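Topology and contacts: notes
As a plain string of letters, each chain reads:
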Amino acid sequence: MLELLRLRKRHGSQAIPDIVKAELMETHRGFPEINESRFSGNLDELTAICPTGAIGTRPLSIDMGKCIFCGECEIQSAGAIRFTNRHKTASTRRDDLVVPSGLAYEEFGAKAIEAAGGIRKILGRSLKLRQVSAGGCNGCEMELNACSNVNFDMGRFGIDFVASPRHADGIVITGPITGNMAPALSDAYKSVSDPKIVVAVGACAISGGVFAESKHLNRTFVGEVQVDLFVPGCPPHPLTFINAILDFLKRR
Amino acid sequence: MKWLETANLRTVRLAEIPNWDLEELAHQTVARVNGGGRLLLFFGEETREGVFVYSLVADDNQSKIFVASSRVTRGMSYKSMTPDIPSAHLFERELFEEFGVEPKGHPWLKPVRYGIPGVNEREDQYEFFSVKGDEAHEVGVGPIHAGVIEPGHFRFSCHGEKIYQLEIKLGFQHRGVQELFIREPFSTIYLEKLAESVAGDTVIGHAGGFARAFESLSGTQVPERAKVIRTIALELERVAIHLGDLSAISGDVAYLTGNSVFGALRTKVINTTMAICGNRFGRGLMKLGGVGFDVTPVLRDKITALVDDLEEDVSLAAEVLFSSSSVLERLEETGVVTKEAARDIGMVGPAARASGVAVDVRSDHPFDGFVLMPVHKLTLPGGDVFARAYIRYIEIQQSFRLIREQLASLSPGGIRSELKGPHPGIFVVSLTEGWRGEIAHAVITDEAGKIRKVKVKDPSFNNWFGLSLAVREEGISDFPLCNKSFNLSYCGFDL
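Residues numbered from 1 in each chain as written. Chains lettered and ligands numbered in written order. Predicted model: local features only at pLDDT ≥ 70, side-chain atom pairs only at ≥ 80, totals over all residues. Heavy atoms only, no water.

**Re the domain arrangement of chain B**
Residues and elements named next belong to chain B. Partitioning chain B into domains gives domain 1 (4-112), domain 2 (130-169) and domain 3 (177-494). Using only C-alpha atoms to locate each centre, domain 2 and domain 3 end up separated by 29 Å. Overall, the association of domain 2 and domain 3 removes approximately 1,300 Å² of surface from exposure, summing both partners, and the carbon and sulfur fraction of that is 62%. For domain 2, the biggest contributors to the area lost against domain 3 are E150, I163 and L166; these three give 38% of the whole. Linking domain 2 to domain 3 there are 1 salt bridge. In this structure, E473 and K162 form a salt bridge, with 3.4 Å as the shortest nitrogen-oxygen distance. On inspection of domain 2 and its partner domain 3, the count reaches 7 residue pairs in polar contact (both at pLDDT 80 or more). Breaking the side of domain 2 that touches domain 3 down by element, the ones donating at least two residues are β9 (153-159) and β10 (162-169). Classifying every residue of the side of domain 2 that touches domain 3 gives 10 nonpolar, 3 polar and 3 charged. (Domains from an automatic or database assignment. Buried area = accessible area lost by both parts, 1.4 Å probe. Salt bridge = Lys/Arg side-chain N within 4 Å of Asp/Glu carboxyl O. Polar contact = N/O pair within 3.5 Å; in protein donor to acceptor, adjacent residues only side chain to side chain. Helix = DSSP H or I, 4+ residues; strand = E, 2+ residues; numbered from the N terminus. Nonpolar A, V, L, I, M, F, W, Y, C, P; charged D, E, K, R; others polar.)

Here you go:
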């Protein structure tokens, strides 16, 4: 019993007090800031090294929906592309994930997430989500699980992952959507009652990621339903996911 | 019949690999495994000259690997090895699924990932085992499970609350990883990132294993400093996941203090990995030819402080966990896999060691920092959930020691060598002891030096059947606990 108390005391409180203001360490590769004028090399060579084809030209840009934030282009571009440690990279519009040269983090953040007024009105302050892993490598799944651990404690906002789609207000997709999982994903979506939201988490769910060229995927689902929120990353950090949901629900 | 002898990361010329007819290859494989060998890999490769089947048997005591092959054609059949050596069961099913080479007499020739075109490729064509009789019933779970977990289907044949048999149907995560390894255009960066995503919980294990295979094929000498950093990263990965597993096991027996404490400790480990390379799971660290990030003096102090700090925290938390009678009541004698069963079905990693089977690649077929630093193989006799939980605790302590030793041997120097192209017409197998157990990457180059085949085997491929055996005769309510005690990968299996 005394040992247990000692353990509890050592453990203390591990929760991050302010999820909204929390910042990540310098090494984190988050929002890319691009300064094309500083690039003097060969653009074709630069775009070719990207493992997911996320780099665009005219102007130089990075599609965060494809980007796996490996940072290889930062090295190759001699600093013209720089991954900052800023982590609020989610958006409600797929097109907005394309970050062009000159776009600052603050400017991106100001309009990245359009809060869902209607959903808030119906669902109140709580949000229950059914997560479906459809070919995910367990990276995104581990970070989504971490959202509910003692450090991030997403439950404090009334946001939880639930077991049944019947209890859920929406689904969270991870993975590139394999052919073998496409029917189950579709069934889970249909089982959630309206109104419902769809959140795509990670490069794979948004664009196929490193598996985009696999012939074993079936991504018709993402064309058929409306994805309400895109959360980039490989995998997205828990703070990225939680803040995206809070912004979407206008909870800050 | 003489096998070609090789070893972990030692390349052989394709032309040197003996080629026998398929019956002979199967017969010799059975003989070698029955003579004390361990079936490492048995897989096919389609070439212009037909399908080549490679059989690899390990002699763990002598750090040797024996390889032989057979050229076959689709539709061929041979006498199944599985009745004699059960560890062949999935390899034979996989070969049948991919190349239509039929093992006659296989007891359960079912699909592995996607079925046989025209036979059982649709999910509703899969035939489960069934039970009939009074009070006999079946429970189907998945592919979507209750939590935030990868998909797979579990079919329980039960009598009342008791499980007779568990059939595990996987393949939902199949995304063609092995095909993508040989896609055009060739890009080393793409290969690194793809290897990281074979199983996102084993980034260092798989990316490191593939990198070592590629470096062997190309004769690239990796700087010692990089090898040390890789070894530290691998052990950090092991510590992090083992802590997470202890947290999950605690949660499953409603021991919430353990659930919280181990979870918070895991966070400290993965945040340290992030301090090294910018990603909590070590993405970006493993490069072909070395590592992408150095361990600076500041990081070195940070890792040392982490280990010092954690050592005390972990032992306190584990002592409390493993002395709680209500916890022990759930863990002990639950989900037993006997030593004989574990060895026969070819289990690997901590799950095998918890059943008393002494296999550990770090010791049997050493790589990187383990070549110069012997690792004592830890085993426990029980084979139950307790043993699989407790072995994680003692492995964490062992990893702390290994990390300290590696930090002490961190010599000055570069962290990355210039990468050469792979040599033509050669074969290599790279074995890695990931946190889950033995990871194998067999890589073959063509006559132009291009990679033409990458065969990946995650330890989950060996161990899923162990979970089936563990839950037999157990109450169905103990399944989640047994499952957590294995913590196997779906995507690593499905590829």
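**Comments concerning the packing of aromatic side chains**
Residue and element names in this part refer to chain B. Tallied over the entire structure, the rule returns 25 aromatic pairs over all chains. Residues F91 and F461 carry aromatic rings whose centres are separated by 5.2 Å and whose planes lie at 50 degrees to one another, so their mutual orientation is tilted. Taken together, the residues span a long stretch of sequence, with F91 in helix α2 (residues 89-99) and F461 in helix α14 (residues 459-471) at a distance of 370 residues. Since its relative accessible area comes to 3%, F91 is described here as buried. Residue class for F461 comes out buried when judged on its relative accessible area of 6%. Centre to centre, the rings of F322 and F386 are 5.6 Å apart; their planes meet at 85 degrees, and the pair counts as edge-to-face. With F322 in helix α8 (residues 297-322) and F386 in helix α13 (residues 385-408), this residue pair connects regions lying 64 residues apart in the sequence. Given the relative accessible area of 21%, F386 is considered partly exposed. Joined through ring pairs, the aromatic side chains of F154, F156, W464, F479 and Y490 make up one cluster. One cation-aromatic arrangement involves K169 over Y126; the distance from NZ or CZ to the ring centre is 5.2 Å. If you follow R183 out to its NZ or CZ, it ends over the ring of Y190, 3.7 Å from the centre. (Phe/Tyr/Trp six-rings, centres within 6.5 Å; stacked < 30°, edge-to-face > 60°. Buried < 20%, exposed > 50% of the residue type's maximum accessible area, 1.4 Å probe, protein only. Lys NZ or Arg CZ within 6 Å of the ring centre and 35° of its normal.)

**Comments concerning unusual backbone geometry**
Of the consecutive residues R58 of chain A and P59 of chain A, the connecting peptide bond is found in the cis state with omega at -15 degrees. For P59 of chain A, the position within the fold is in the loop between β2 (55-56) and β3 (61-63). Backbone torsion omega between C234 of chain A and P235 of chain A reads -10 degrees, so that peptide bond is classified as cis. With respect to the helices, strands and loops of the structure, P235 of chain A is situated in the loop between β10 (229-231) and α10 (238-248). Positioned with a positive phi, E135 of chain B is a non-glycine residue whose angle comes to about 65 degrees. Relative to the helices and strands, E135 of chain B is located in the loop between β7 (102-104) and β8 (136-141). Backbone geometry at E333 of chain B places phi at a positive 60 degrees, although glycine is not the residue there. Within the fold, E333 of chain B resides in the loop between α9 (325-331) and α10 (339-344). Residue E333 of chain B is classed as exposed on the basis of its relative accessible area, which comes to 69%.

**Let's talk about the pattern of salt bridges**
Residue and element names in this part refer to chain B. Scanning the entire structure with this criterion turns up 52 salt bridges over all chains. The salt bridge involving R225 is made with D294; its shortest N-O contact spans 2.9 Å. Of this pair, R225 sits in helix α6 (residues 224-252) while D294 sits in the loop between β12 (290-291) and α8, and the two are 69 residues apart along the sequence. A relative accessible area of 29% means that D294 is categorised as partly exposed. One salt bridge in this structure joins R404 and E311, with 2.8 Å as the shortest N-O distance. Placement of R404 in helix α13 and of E311 in helix α8 is noted, with a sequence separation of 93 residues between them. Judged by relative accessible area, which is 32%, R404 ranks as partly exposed.

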